[in-house]
Amino acid sequence: MSCTNKKKILEIEELSVSFLQYKGKTSRQSWLPMISGLSVAVREGELVAVVGSSGSGKSLLAHAILGILPYNANVSGTMKFQGELMDEKKISELRGKEIAFVPQSTLYLDPLMKVGKQVCGKRGKKGAEKQSELFRRYGLPEETETKYPFECSGGMTRRILLSTALMENPKLIIADEPTPGMDLTLAKKSMEDFRKFADEGNGVLLITHDIELALEVADRIVVFYAGKTVEEAPVSDFRSEETLRHPYTKALWRALPQNGFTPLDGTQPYVKDMPQGCPFGPRCSWYREECKGEIPMVEAGCGSVRCIRYCM
Ligand SMILES: Nc1ncnc2c1ncn2[C@@H]1O[C@H](COP(=O)(O)OP(=O)(O)OP(=O)(O)O)[C@@H](O)[C@H]1O
Ligand code: NI
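A quick note: this is a predicted structure, and the numbers were derived from the prediction, not measured.

Rules used throughout
Residues numbered from 1 in each chain as written. Chains lettered and ligands numbered in written order. Predicted model: local features only at pLDDT ≥ 70, side-chain atom pairs only at ≥ 80, totals over all residues. Heavy atoms only, no water. Helix = DSSP H or I, 4+ residues; strand = E, 2+ residues; numbered from the N terminus. Expected span 1.5 Å × (residues − 1). Buried < 20%, exposed > 50% of the residue type's maximum accessible area, 1.4 Å probe, protein only. Contact = heavy atoms within 4.5 Å. Pairing = 2+ DSSP bridges. Donors = N, O, S within 2.8 Å, 3.2 Å for Na, K, Ca; no water. Tetrahedral: all angles 85-135°; square planar, octahedral: opposite > 155°, others 65-115°. Near = heavy atom within 4 Å. Polar contact = N/O pair within 3.5 Å; in protein donor to acceptor, adjacent residues only side chain to side chain. Areas by Shrake-Rupley, 256 points an atom, 1.4 Å probe, with all protein chains shown as cover. Core = buried A, V, L, I, M, F, W, Y, C linked by side-chain atoms within 4.5 Å. Domains from an automatic or database assignment. Axes fitted to C-alpha atoms, helices over the stretch in contact; angles between N-to-C directions. Salt bridge = Lys/Arg side-chain N within 4 Å of Asp/Glu carboxyl O.

Enquirer: Now, about helix α6 (residues 184–199): what can you tell me, with residues and values included?
Expert: Between its terminal C-alpha atoms α6 stretches 22 Å, which fits the 22 Å expected from 16 residues at 1.5 Å a residue. Taken together, the buried positions of α6 are occupied by Leu186, Ala187, Ser190, Met191, Asp193, Phe194, Arg195, Phe197 and Ala198. Elements that come into contact with the buried residues of α6 comprise β3 (47–51), α4 (124–137), α5 (154–167), β7 (172–176), β8 (203–208) and α7 (211–217). Gly201 sits one or two positions beyond α6 and adopts a positive phi of about 100°.

Here it is in structure tokens:
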């Protein structure tokens, strides 16, 4: 539940991604589930942040939406863009046009092609003007267009990737950790741009480790843990621990500097030793027998949560 009836741009339901892998040194193969039961929606005018620790499945979600998972991946669940089912053909029509992607890895640029050619593509004079405008906005010197990617720093490359995403007029931007390597002013500027882009009636799915940054710009936060959505909540619910629902989200809240910097003991489980039922169970002070069963996502207030305490 999001307490809004704005039109959905992107709707992901029960998404699962598995990888076909060899078992040890044998020739036997098996499917290893990396993410399961992930649900996310982005509505018109919304900036939705996906947060979660390393390995929780954030990039896999982005790659599944963009249809760029490796060949050994299997995807199930439903993905809709403006109400239409996204099959392979639809995804390839949308990618780079209605859906722009700012990738996490700076290796997405072609190492053998000059930057300008990559950003501008075959867009001609109008494209060149737009590119200059974006480069100026992000403090990239004019001559950046004549450079090869290896001649650019990590922070410059991030700004180039951001400019590339903003070249077309997309309806949705998926940005996977777009700010590492940027100084604070530039990081803030790009966040302001995402915010402005959403305010114009578009959608942004921002993937980040940085909850503080997410709380500054997002409308809603989706929390991932070990490949599952555990909570989805409006930013206003992060004002106090009491208004949050899932024990993991509460722990993330307590770990924020302004809330005492309290670290959470233990680590996120890897798929191969995933506990039964709730993946957070072994680290949770409410852990009980019922947590070992299948736990659905249930609506609670203006958000939703996957925790047995809301199922009773
Ligand atoms: N091609 C692949 N084959 C097998 N496993 C993969 C593959 N790509 C990713 N994984 C695994 O899927 C899990 C989720 O990875 P993902 O990159 O989505 O995490 P993330 O939340 O984006 O992490 P980070 O914050 O470090 O970027 C990890 O355990 C990762 O090792
Ligand atoms: Ni990632």
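Enquirer: An account of the pairing of strand β10 (residues 228–234) is needed here, citing residue identities and associated values.
Expert: With seven of seven residues buried, β10 lies mostly within the body of the structure. Across two bridges, the pairing between β10 and strand β12 (residues 303–305) is antiparallel. Looking across to β12, one finds that Glu231 is bridged to Val305.

Enquirer: Any details on the coordination of the nickel ion (ligand 2)? Residues and values, ideally.
Expert: Protein-derived coordination of the nickel ion (ligand 2) comes from Ser59 (OG) and Gln104 (OE1), at a distance range of 2.0 to 2.2 Å. Here the nickel ion (ligand 2) is ringed by four donor atoms whose angles at the metal span 77 to 167°, and the overall shape comes out square planar. Of the two residues, Ser59 sits in helix α1 (residues 58–66) while Gln104 sits in the loop between β6 (99–102) and α3 (115–120), which places them 45 residues apart along the sequence.

Enquirer: Give me the lowdown on the site of ligand 1, citing residues and values where you can.
Expert: Taken together, 15 residues lie near ligand 1, and Ser54, Gly55, Lys58, Ser59 and Gln104 sit nearest. At 2.7 Å from an oxygen atom of ligand 1 is found a side-chain nitrogen or oxygen belonging to Lys58. Coverage of ligand 1 by the protein amounts to 72% of the 650 Å² it exposes when considered alone. Per-element tally for the shell around ligand 1: the top contributor is α1, with three residues.

Enquirer: So what's going on with the nonpolar core? Residues and values would help.
Expert: Counting 57 residues, the largest nonpolar core has Leu47, Ile173, Phe194 and Ile221 as its most contacted members. It is α5 that provides the largest number of residues to this core, a total of seven residues. Domain assignment of the residues forming this core places at least three in each of domain 1 (8–98 + 170–275) and domain 2 (110–169). Those residues within four positions of Ile173 in sequence are excluded, and the remaining contacts are Ala100, Val102, Leu166, Phe194, Phe197, Gly203, Val204 and Leu205. Judged by nonpolar contacts, the second largest core, of 36 residues, contains Phe19, Val48, Ala73 and Met86.

Enquirer: Can you explain the sheet that holds β10? Please cite residues and give values.
Expert: One open sheet holds the eight strands; their spatial order is β6-β7-β8-β3-β9-β10-β12-β11, and the pairing between them is mixed. Only two strands of the sheet have a single partner each, and these edge strands are β6 and β11 (298–300). Averaged over all adjacent pairs, the angle separating strand axes in this sheet is 20°, with direction ignored. Looking at chain direction, β6 and β7 are connected through four bridges and run parallel. By the bridge assignment, Val102 is partnered in β7 with Ala175. Contacts from helix α8 (residues 247–254) reach β9 (220–225) and β10, with the element oriented near 110° to β9.

Enquirer: An account of the pattern of salt bridges is requested, with residue identities and associated values reported.
Expert: This model, assessed by the stated rule, comprises 16 salt bridges. With a closest N to O distance of 2.9 Å, Glu46 and Arg220 form a salt bridge. You can see Glu46 sitting in the loop between β2 (29–43) and β3 and its partner Arg220 sitting in strand β9, a full 174 residues away along the chain. As far as the burial class goes, Glu46 and Arg220 line up, both buried. Of the charged contacts, one joins Glu93 and Lys89 as a salt bridge, the two residues approaching to 3.4 Å between their closest N and O atoms. Residue Glu93 and its partner Lys89 are both found in helix α2 (residues 88–94); the two are separated by four residues, about one turn of the helix.

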